[in-house]
Amino acid sequence: MRITARLVFALCLAVVVVVGGFTALQIRQERAGLERDLQRRAALLAEGLKEAVGPVLGVGGRSTAPVERILKRFGRPNQIVAVYDQIANPIAVVPDDARPRVAALPEVIESLSTSAVRQGFRVLGGRAVFVYATPLDRSERTIGAGFQRQTFVVSLGLGEGD
């Protein structure tokens with residue numbers, strides 16, 4: 001009887017360890033897949049914004065209304081989309097209440113100084129977000145950077161679901 005109980009306990013423990021290990025591996029793979037998808041979607045959004053916002057920034061003086069209209073068209077409720085000037089000050093931000101949260105992000109400053117794409121996860125307002133900053137080049141001169149924020153679902157622990 002004693003040997004049977006130890007054998008059953010050992011078998012149950014082995015099953016729990018194998019199931020736990022496999023679950024952890026699946027979670028890691030799913031998380032990596034979601035991150036790749038998020039990076040791809042952010043890059044597509046940024047490229048579309050570069051094409052739409054680039055020509056508008058050179059026209060119309062200091063008015064940001066055309067840029068904000070374009071950002072509203074591209075943005076979603078769970079995203080913050082912003083366009084910055086050469087010194088990393090936000091020109092236009094959608095939604096409007098997000099302006100204090102996106103001022104002087106390190107990824108934007110780095111993107112402007114190196115004229116290269118910078119991306120990564122950052123905590124903004126207590127939530128983990130993905131930041132994708134890309135320079136808006138026009139005539140070999142950097143004129144600003146675009147920023148896109150997207151949260152993950154709660155189950156991954158990277159942010160609150162929207």
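Residues numbered from 1 in each chain as written. Predicted model: local features only at pLDDT ≥ 70, side-chain atom pairs only at ≥ 80, totals over all residues. Heavy atoms only, no water.

(A) Seen up close, the confidence of the model for the chain. Averaged over the chain, the pLDDT score is 75; the fraction of residues at 70 or greater is 80%. Here strand E5 (residues 141-150) is the element of the chain with the lowest mean pLDDT, 46, and helix H1 (residues 2-57) is the one with the highest, 89. Note on residues 139-143: pLDDT is under 50 here. Beyond four places in sequence and across chains, it has 14 contacts. Contacts for the low-pLDDT stretch residues 147-162, under 50 throughout, to residues beyond four places or in other chains number 62 contacts. (pLDDT = per-residue confidence, 0-100. Helix = DSSP H or I, 4+ residues; strand = E, 2+ residues; numbered from the N terminus. Contact = heavy atoms within 4.5 Å.)

(B) Structural detail: helix H3 (residues 106-114). Taken as a whole, H3 has its buried residues at Glu107, Val108, Ser111 and Leu112. The buried residues of H3 occupy an angular sector of 130° when the element is viewed end-on, so they sit on one face. Backbone geometry just after H3 places Ser115 at a positive phi near 55°. (Buried < 20%, exposed > 50% of the residue type's maximum accessible area, 1.4 Å probe, protein only. Arc of directions from axis to C-beta.)

(C) View of the side chain of Glu107. Among the structural elements, Glu107 can be located in helix H3. With near-sequence residues (within four places) excluded, Glu107 lies in contact with Arg118, Arg122, Val131 and Ala133.

(D) Spotlight on the environment of Lys50. You can see Lys50 is positioned in helix H1. For Lys50, a relative accessible area of 25% corresponds to the partly exposed category. When the C-alpha atoms of Lys50 and Thr134 are compared, they prove to be 8.7 Å apart, with 84 residues separating the residues in sequence. Beyond its immediate chain neighbours, meaning those up to four positions away, Lys50 contacts Pro55, Thr134, Pro135 and Leu136.

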